Amino acid sequence: MVKTMSSLMPEESGRRRLSSRMVTVDVYGQLAAAILRNDIPPASRVNINALAVSLGVSATPVREALARLESDGLVTQLHLKGYRTTDLLTQREIRDLWQFRMLIEPYGAGHAATAASPEQIAALQHEINSFTSAPTGSDFDSYQDFSDHDARLHGLILEVSGNDVITRAFQRTNCHLHAFRLAYDRSAGSATVNEHVAIVDRISAGDATGAAAAMMEHLAHSRDRLLPLAKGT
Ligand SMILES: [Zn+2]
């Protein structure tokens, strides 16, 4: 769970006792949360020194956190000018990204249906059982829990399908982080839960065609839920 930046402020003395590695992880979590909920607006310069002061740390852990955030696609480095946050996805970028997902994930779900071991089926069922209903709140933490669950489930299905290249390609899109920035203040719908149940049901039944079709339908719906939240082109 990511705390808010302000929630850390009274803990300065305790934070000084943390190892430098812990401080970096902590700063990363704070900055990621600030960008994901647009406290640091999209496409804006990141003031490293100001962030270091507000978090009560030196500039070094802030720079280390920014390097991680760059690999997440949440900031980009400006030549000799520090960092800026990335733009929110446009409708066109969502269509392109979901088209890519619709190429690899139905394939992955189909393969998972034929390749999954009993242990892997149990892991998928366990993930489904961890979210039997959508969070009722539309707050940041509720949505983050749901987004993390969604990311774990989609990643797990690709892992079960057994193609590491496809799994890594999916992870590099950071699609869940980008979707999160557009949708975190909305309630996650129960439709998503039902679609996930259908996918895992078909994988568990060994139904490759049905699993691929269920994944394709879920991705089409998730794309269509996201598109109205983004700017055109
Ligand atoms: Zn999903």
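The rules behind these values
- All chains use their own residue numbering, which begins from 1 and follows the written sequence.
- Local features are withheld for residues below a pLDDT of 70 in this predicted model, meaning they are given only at 70 or higher, and side-chain atom pairs are given and counted only at 80 or more; totals for whole chains, interfaces and linings count all residues.
- A run of H or I in DSSP becomes a helix once it reaches four residues, and a run of E becomes a strand once it reaches two; helices and strands are each numbered from the N terminus.
- Residues are called buried when their C-beta atom has 20 or more other C-beta atoms within 10 Å, exposed when it has 12 or fewer, and partly exposed otherwise; all C-beta atoms are positioned from the backbone.
- The contact criterion used is a C-beta to C-beta distance within 7 Å, with each C-beta placed from the backbone.
- The pairing criterion is simple: DSSP has to find at least two bridges between the two strands.
- Joined through C-beta atoms within 7 Å, a set of buried Ala, Val, Leu, Ile, Met, Phe, Trp, Tyr and Cys residues constitutes a nonpolar core.
- By convention here, the domain bounds are inherited from an automatic or database domain assignment.
- To obtain each axis, a line is fitted to C-alpha atoms, and for helices this fit is confined to the stretch in contact; angles are then taken between N-to-C directions over 0 to 180 degrees.
- Each angle gets one of four labels, with under 35 degrees taken as roughly parallel, over 145 as roughly antiparallel, 65 to 115 as roughly perpendicular, and the rest as oblique.
- Helix crossings are classified by the rotation of the near helix relative to the far one: an anticlockwise turn of less than a right angle makes the crossing left-handed, while a clockwise turn makes it right-handed.
- Put simply, Ala, Val, Leu, Ile, Met, Phe, Trp, Tyr, Cys and Pro go in the nonpolar bin, Asp, Glu, Lys and Arg in the charged bin, and everything else, Gly too, in the polar bin.

## Thoughts on the overall build of the chain
When its secondary structure is counted, the chain shows twelve helices and three strands. Burial statistics for the chain: of 233 residues in total, 32% are counted as buried. For the chain, restricting intrachain contacts to residue pairs at least 6 apart in sequence, the fraction spanning at least 24 positions comes to 76%.

## Here we look at the pairing of strand 2 (residues 75–78)
Pairing analysis gives four bridges linking strand 2 to strand 3 (residues 82–85), with the strands arranged antiparallel. Its bridge partner being in strand 3, glutamine 77 is matched across the sheet by tyrosine 83. In textbook terms, the turn of a hairpin is the stretch between consecutive antiparallel strands, and for strand 2 and strand 3 this stretch comprises three residues, one of which, leucine 80, has a positive phi near 60°.

## Description of the nonpolar core
The biggest cluster of nonpolar side chains holds 49 residues, and the ones touching the most others in it are Leu31, Leu69, Ala109, Ile203 and Ala211. When contributions to this core are tallied by element, the ones reaching two or more residues are helix 3 (20–36), helix 4 (48–55), helix 5 (59–72), helix 6 (91–115), helix 8 (140–161), helix 10 (175–183), helix 11 (190–204) and helix 12 (208–226). Broken down by element, the residue count for this core peaks at eight residues, all from helix 3. Summarising the domain contributions, this core has at least three residues from each of domain 1 (5–85) and domain 2 (91–229).

## A word on the packing of helix 6 against helix 8
Look at helix 6 against helix 8: their axes get within 7 Å of each other, and the N-to-C directions meet at 60°. Viewed along their axes, helix 6 and helix 8 adopt a mutual orientation that is oblique. In the crossing of helix 6 with helix 8, the sense of the turn from one axis to the other is left-handed. Here Glu105, Gly108, Ala109, His111, Ala112 and Ala115 of helix 6 come into contact with helix 8, specifically with His154, Ile157, Leu158, Val160 and Ser161. By residue class, the composition of the contact of helix 6 with helix 8 is six nonpolar, four polar and one charged.

## Considering the sheet that holds strand 3
Overall, antiparallel pairing links the three strands, which are arranged 1-3-2 in an open sheet. Single-partner strands in this sheet number two, and they are strand 1 (45–46) and strand 2. Where strand 1 meets strand 3, two bridges bridge the pair, whose relative direction is antiparallel. Looking at strand 3, one finds that arginine 45 is bridged to arginine 84.

## Side note on the environment of glutamine 120
Among the secondary structure elements, glutamine 120 is positioned in helix 7 (residues 118–129). What makes glutamine 120 partly exposed here is the crowd of 19 C-beta atoms within 10 Å. Sequence spacing of glutamine 120 and serine 204 is 84 residues, and the spatial spacing of their C-alpha atoms is 9.4 Å.

## Looking at the environment of aspartate 145
By the element assignment, aspartate 145 lies in helix 8. In this structure the C-alpha to C-alpha distance between aspartate 145 and phenylalanine 131, which are 14 residues apart in sequence, comes to 9.3 Å.

## Regarding the packing of helix 7 against helix 11
Between helix 7 and helix 11, whose axes approach to 10 Å, the crossing angle comes to 165°. If you check the angle between helix 7 and helix 11, you find them roughly antiparallel. The crossing of helix 7 and helix 11 is left-handed. Where helix 7 abuts helix 11, its residues Ile121, Leu124, Gln125 and Ile128 lie against His196, Val197, Val200, Ile203 and Ser204.

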